[in-house]
Amino acid sequence: DVKVTQSSRYLVKRTGEKVFLECVQDMDHENMFWYRQDPGLGLRLIYFSYDVKMKEKGDIPEGYSVSREKKERFSLILESASTNQTSMYLCASSLVNPHNEQFFGPGTRLTVL
Amino acid sequence: QQQVKQSPQSLIVQKGGISIINCAYENTAFDYFPWYQQFPGKGPALLIAIRPDVSEKKEGRFTISFNKSAKQFSLHIMDSQPGDSATYFCAAIFSGGSNYKLTFGKGTLLTVNP
């Protein structure tokens with residue numbers, strides 16, 4: 001079974017803090033993704049990575065950066081957290097073929113005060 | 001610009017009824033159309049998917065109908081059960097070389113009453 005784990009289920013941070021969200025997958029997938037999920041807005045892609053040290057901007061990259069130093073790990077970084085970044089963050093991974101299923105982690109509920 | 005429009009936003013169906021969720025897309029370059037199912041507290045999981053050269057795909061009680069000329073596709077859940085209560089997302093994928101793009105609809109919250 002593919003397993004995608006995220007470092008925290010719930011996180012509370014203060015405005016201006018630097019926030020790291022970690023994601024690890026155990027199936028040697030090439031692609032990894034970060035989404036945010038907000039009520040009424042669905043899933044929106046922040047960044048994705050198709051290989052180690054490679055990244056592509058998604059639809060809403062502003063205020064975020066990512067790091068992929070190892071194939072199994074993909075980190076989302078909020079350089080200076082703001083209240084409008086309060087959201088559910090979902091990590092996913094997949095094999096290289098875009099038609100392959102994306103496997104999602106359980107999500108991290110981030111609250112920025 | 002929303003490239004995949006999903007409706008309705010929420011849907012209530014009686015047990016045994018048919019649930020229908022519709023999606024429309026704009027970009028004719030999309031070449032794969034998956035549906036994901038998400039239960040509360042969980043990440044989405046792939047339910048069923050279809051290529052644009054197929055008009056219908058059925059897996060158990062779940063069927064995707066695809067109308068390429070209208071740029072529309074829909075999910076039908078036959079004999080809906082309370083366990084089907086979840087949020088459903090349609091999606092569209094463009095996979096041209098390294099220019100990979102997956103766009104999700106905004107989701108439909110399905111409630112199946114017993």
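All chains use their own residue numbering, which begins from 1 and follows the written sequence. Chain letters and ligand numbers both follow the written order, the letters beginning at A and the numbers at 1. This being a predicted model, a pLDDT of at least 70 is required before a residue's local features are given, and a value of 80 or more before pairs of side-chain atoms are given or counted; all residues contribute to the totals for chains, interfaces and linings. Only heavy atoms go into the side-chain values, all of them from the structure, while hydrogens and water stay out.

Trainee: When you look at the overall build of chain B in this model, what are you seeing that I'm missing?
Mentor: The number of helices and strands found in chain B is 0 helices and 11 strands. Along its sequence from the N terminus, chain B presents helices and strands in the succession β-β-β-β-β-β-β-β-β-β-β. It is over C-alpha atoms that the radius of gyration is taken, and the globule rule equals 2.2 Å times the number of residues to the power 0.38. Against the globule reference of 13 Å for 114 residues, chain B gives a C-alpha radius of gyration of 14 Å, in line with a compact fold. Expressed along its principal axes, the backbone C-alpha trace of chain B runs to roughly 45 × 30 × 25 Å. Segments assigned H or I by DSSP are reported as helices when at least four residues long, segments assigned E as strands when at least two residues long, and all are numbered from the N terminus.

Trainee: Which parts of the structure should I look at to understand the nonpolar core?
Mentor: Within soluble globular proteins, side chains that are nonpolar generally end up buried alongside one another. Counting 24 residues, the largest nonpolar core has Phe33, Trp35, Phe73, Leu75, Tyr88 and Leu110 of chain B as the members making the most contacts within it. For this core, the element with the highest residue contribution is strand β9 (residues 86-96) of chain B, accounting for 4 residues. In this analysis, two residues are considered to be in contact whenever any of their non-hydrogen atoms come within 4.5 Å of each other. Apart from residues no more than four positions distant in its own chain, Phe33 of chain B is found in contact with Tyr25, Ile48, Ala49, Ile50, Pro52, Ile64, Phe66, Phe73, Ala91 and Ala92 of chain B. In plain words, nonpolar cores are sets of buried Ala, Val, Leu, Ile, Met, Phe, Trp, Tyr and Cys residues tied together by side-chain atoms within 4.5 Å. Each residue gets one of three labels from its accessible area relative to the maximum for its type: buried under 20%, exposed over 50%, partly exposed in between, using a 1.4 Å probe on protein chains only. Judged by nonpolar contacts, the second largest core, of 20 residues, contains Met32, Ile46, Phe74 and Ala81 of chain A.

Trainee: Before we go on, may I ask you to explain the sheet that holds strand β1 (residues 4-7) of chain B in this structure?
Mentor: The pairing of strands in a sheet happens through backbone hydrogen bonds and is either parallel or antiparallel. Residues and elements named next belong to chain B. Pairing is antiparallel in the open sheet, where 5 strands are placed in the order β1-β3-β8-β7-β6. Unpaired on one side and paired on the other, β1 and β6 (56-59) mark the two borders of the sheet. When the angles between neighbouring strand axes are averaged without regard to direction, this sheet yields 15°. As defined by bridge partners, strand β3 (residues 19-25) adjoins strand β8 (residues 72-77) across 6 bridges and the pair is classed as antiparallel. The criterion for strand pairing is that DSSP finds at least two bridges linking the strands in question. For every element, the axis is a line fit to its C-alpha atoms; helices are fit only across the contacting stretch, and the angle between N-to-C directions ranges from 0 to 180 degrees.

Trainee: Just checking my understanding: could you explain the side chain of Arg68 of chain A for this structure?
Mentor: All names here are of chain A. With respect to the helices and strands, the residue Arg68 is situated in strand β7 (residues 64-70). Among buried charged residues, Arg68 stands out as having no salt bridge; its nearest opposite-charge side chain is Asp51, 5.9 Å away. Two N or O atoms form a polar contact when they lie within 3.5 Å of each other; inside protein one atom must be a possible hydrogen donor and the other a possible acceptor, and for residues adjacent in sequence the pair counts only when both atoms belong to side chains. Within the local environment of Arg68, its side chain forms a polar contact with the backbone oxygen of His29, the two atoms lying 3.1 Å apart. A distance of 2.6 Å separates the side chain of Arg68 from the backbone oxygen of Lys71, its partner in a polar contact. Those residues in contact with Arg68 that sit more than four places away from it in its chain are Gln25, His29, Glu30, Asn31, Met32, Ser49, Tyr50, Asp51, Val52, Lys53, Arg73 and Phe74. Residues counted as positive are Lys and Arg, residues counted as negative are Asp and Glu, and His and the chain ends are not counted. Salt bridges are counted wherever a side-chain nitrogen of Lys or Arg sits within 4 Å of a carboxyl oxygen of Asp or Glu.

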